[in-house]
Amino acid sequence: MNFLTREQAIYIDKNFVTPVYVYSEDKLDEAIDSFLSFPSAFWHDVRFAMKANSNINILKKFKNRWLKIDCSSEYEAFRALNAWFDATDIQISWQETPRELAKLLDLGVFIVASSLDQIKAIWELKNGVKIWVRINPGMWSGAFKAISTWWETSAFGIWHEFIPEIKELVQLYNLDLTKIHIHIGSENTPESWTNSANIWLDFVRQFPSVTTLDMWGWFKMAIMPYEKTADLQAIWISVAEKFQDFYNQTSRKIHLEVEPGKYMVINSCSVVANVDSVVNTWVDWYKFIRTNTWMTEMPRVTMYWVQQPITIINDSTEKDEYVVVGHCCESGDILTTKLYDQEILEPVSLNTPSVWDVIVFDGTWAYNSSMSMKNYNSFPEAWEVLIKKSWEIVEIRKREKPEDVWRNEIEVI
Ligand SMILES: *Cc1c(COP(=O)(O)O)cnc(C)c1O
């Protein structure tokens, strides 16, 4: 298992109602340390993309370590304010226009405009505010289109060929454009990042008022044994050289910002659950392990067609190949499918299970509790606990009671 010991997993199973998200404070600190210490030419800021996980304790941990925050909606911004972030440390890159945009601007929250219309909307509401823009650089690298945020098939950001239009707006409204923001795809190498940095610094070159380049991609963090973690140190060393070259040519020291979500923290959480039953189809075709969790707690696999490490805790000396499924009455509630192809089942080798055995899923930190399909089949939202530095295990979110699930319903019939 990733960080849980067998004893901890069994303790959690005995003292909580599973499924339970278990976070490790040590792992979080390790991840933050590595981000704060990576090389950059003229210092860098780390901005945590809170959509990956938004529990107040996680946010406060980042706040206490001086990270800033990236929000994808106004509601995330209000949540970050509630977790004590200063408004000026919050940025929103919006897909849906905030209803309370004026209030957020008054508070000092920064907005990353990702369309020409948004630039106008911000200017009309608050003349003189700093403007940040997100550009879609139209570059392809990554696993597949569904997770791409930077290609012509993606609606994120202002398409790079509209830079002249951005310039026009900057002149027309006398805008203070200080940051360019680019978010691209995964599977990146140091070479692809140096090339990217060059192209993006050329965007910066066209806007003399820009002081910060915010660049991030979906870097690979190994969760499965066959995956390889992207070497961020190597990537940032080569990017820092490009920032230095840019300085030599222009005397502009461009500040770097990075916006990790998944990469930084995905391995800081595991889900502890139980084996519910084992069933077969036909004579001995597929053996299914049914668990008391899955899409209600861990939608990431279903959304991104990836795989998740699984451990069954028992003393069995025998292993067999199993398909692991969840507890929802839904055909997609299945875990062991082929990478990037949910049509094909891919059984995995696991200890022969018994009913109620503890089953642990590693690498569950990001895009799970914050993205969960909780309450489907009326399952209550799961417990979240944190293993503190002292090894104490504390609750950070209570499990919902059954009646919480229907608390907002209004009976009229
Ligand atoms: C989601 C998001 C991120 C983080 O992406 P990860 O793949 O989780 O690292 C960073 N920046 C923005 C603007 C995002 O929307």
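Overview of the structure. Just so it is clear, the structure is predicted and the values come from calculations on it, not from any experiment.

In terms of nonpolar packing, the biggest core is built from 102 residues, with Phe48, Phe62, Trp236 and Trp365 touching the most fellow members. Counting residues domain by domain, this core receives three or more from each of domain 1 (25-260) and domain 2 (267-398). Beyond its immediate chain neighbours, meaning those up to four positions away, Trp365 contacts Tyr23, Leu28, Phe48, Ala52, Asn53, Ile58, Phe62, Val265, Ile266, Ser268 and Cys269. Counting 15 residues, the second-largest nonpolar core is a separate cluster that includes Val22, Ile313, Val385 and Ile387.

Mapped onto the elements, Trp43 comes out in the loop between α2 (25-36) and β2 (44-49). Trp43 sits in the exposed class, given a relative accessible area of 57%. Each C-alpha atom of the pair Trp43 and Asp86 lies 21 Å from the other, and the pair is 43 residues apart in sequence. Excluding residues within four positions of it along the chain, Trp43 makes contact with His255 and Leu256.

Lining the immediate environment of the ligand, one finds 13 residues, of which Lys51, Trp218, Glu259, Lys262 and Tyr367 sit closest. A distance of 2.8 Å separates an oxygen atom of the ligand from a polar atom in the side chain of Trp216. With respect to the ligand, the backbone of Lys262 contributes an N or O atom lying 2.7 Å from an oxygen atom. Among the residues forming the shell around the ligand, the class breakdown is four nonpolar, four polar and five charged.

As judged from the three bridges shared by strand β12 (residues 287-291) and strand β14 (residues 319-325), these two strands associate in the parallel manner. Bridged to Phe288 within β14 is Val323. Where β14 and strand β17 (residues 348-351) come together, four bridges link them in antiparallel fashion. Across the sheet, Glu321 pairs through a bridge with Ser349, a residue of β17.

A separate point is the state of the cysteines. Inspection of every chain in the model, using the stated rule, returns zero disulfides. Left without a disulfide partner, Cys328 is nearest to the cysteine sulfur of Cys329, which lies 8.5 Å away. With relative accessibility at 66%, the residue Cys329 sits in the exposed group.

Thr18 connects to Pro19 through a cis peptide bond whose omega is 0°. Summarising the element assignment, Pro19 is placed in the loop between α1 (6-15) and β1 (20-24).

Within the structure shown, the criterion is met by 15 aromatic pairs. Look at Phe35 and Tyr263: their rings are 5.9 Å apart centre to centre, the planes differ by 70°, and that puts the pair in the edge-to-face class. Here Phe35 is found in helix α2, whereas its partner Tyr263 is found in helix α10 (residues 262-265), with 228 residues between them in sequence. The interplanar angle of 50° and the centroid separation of 5.4 Å between the aromatic rings of Trp294 and Phe361 together place this pair among those described as tilted. Remark: Phe361 occurs in strand β18 (residues 358-362) and Trp294 occurs in the loop between β12 and α11 (300-304); sequence separation between them is 67 residues. Across the pair, Phe361 and Trp294 agree in class, each one buried. Of the aromatic side chains, those joined through ring pairs into one cluster are Phe35, Phe38, Trp216, Trp236 and Tyr263. A cation over a ring is seen here: Lys179 above Trp132, with NZ or CZ 3.8 Å from the ring centre. In this arrangement the basic side chain of Lys253 is found over the ring face of Tyr247, its NZ or CZ atom lying 5.4 Å from the centre.

The rules we used
Residues numbered from 1 in each chain as written. Predicted model: local features only at pLDDT ≥ 70, side-chain atom pairs only at ≥ 80, totals over all residues. Heavy atoms only, no water. Core = buried A, V, L, I, M, F, W, Y, C linked by side-chain atoms within 4.5 Å. Buried < 20%, exposed > 50% of the residue type's maximum accessible area, 1.4 Å probe, protein only. Domains from an automatic or database assignment. Contact = heavy atoms within 4.5 Å. Helix = DSSP H or I, 4+ residues; strand = E, 2+ residues; numbered from the N terminus. Near = heavy atom within 4 Å. Polar contact = N/O pair within 3.5 Å; in protein donor to acceptor, adjacent residues only side chain to side chain. Nonpolar A, V, L, I, M, F, W, Y, C, P; charged D, E, K, R; others polar. Pairing = 2+ DSSP bridges. Disulfide = S-S within 2.5 Å. Phe/Tyr/Trp six-rings, centres within 6.5 Å; stacked < 30°, edge-to-face > 60°. Lys NZ or Arg CZ within 6 Å of the ring centre and 35° of its normal.

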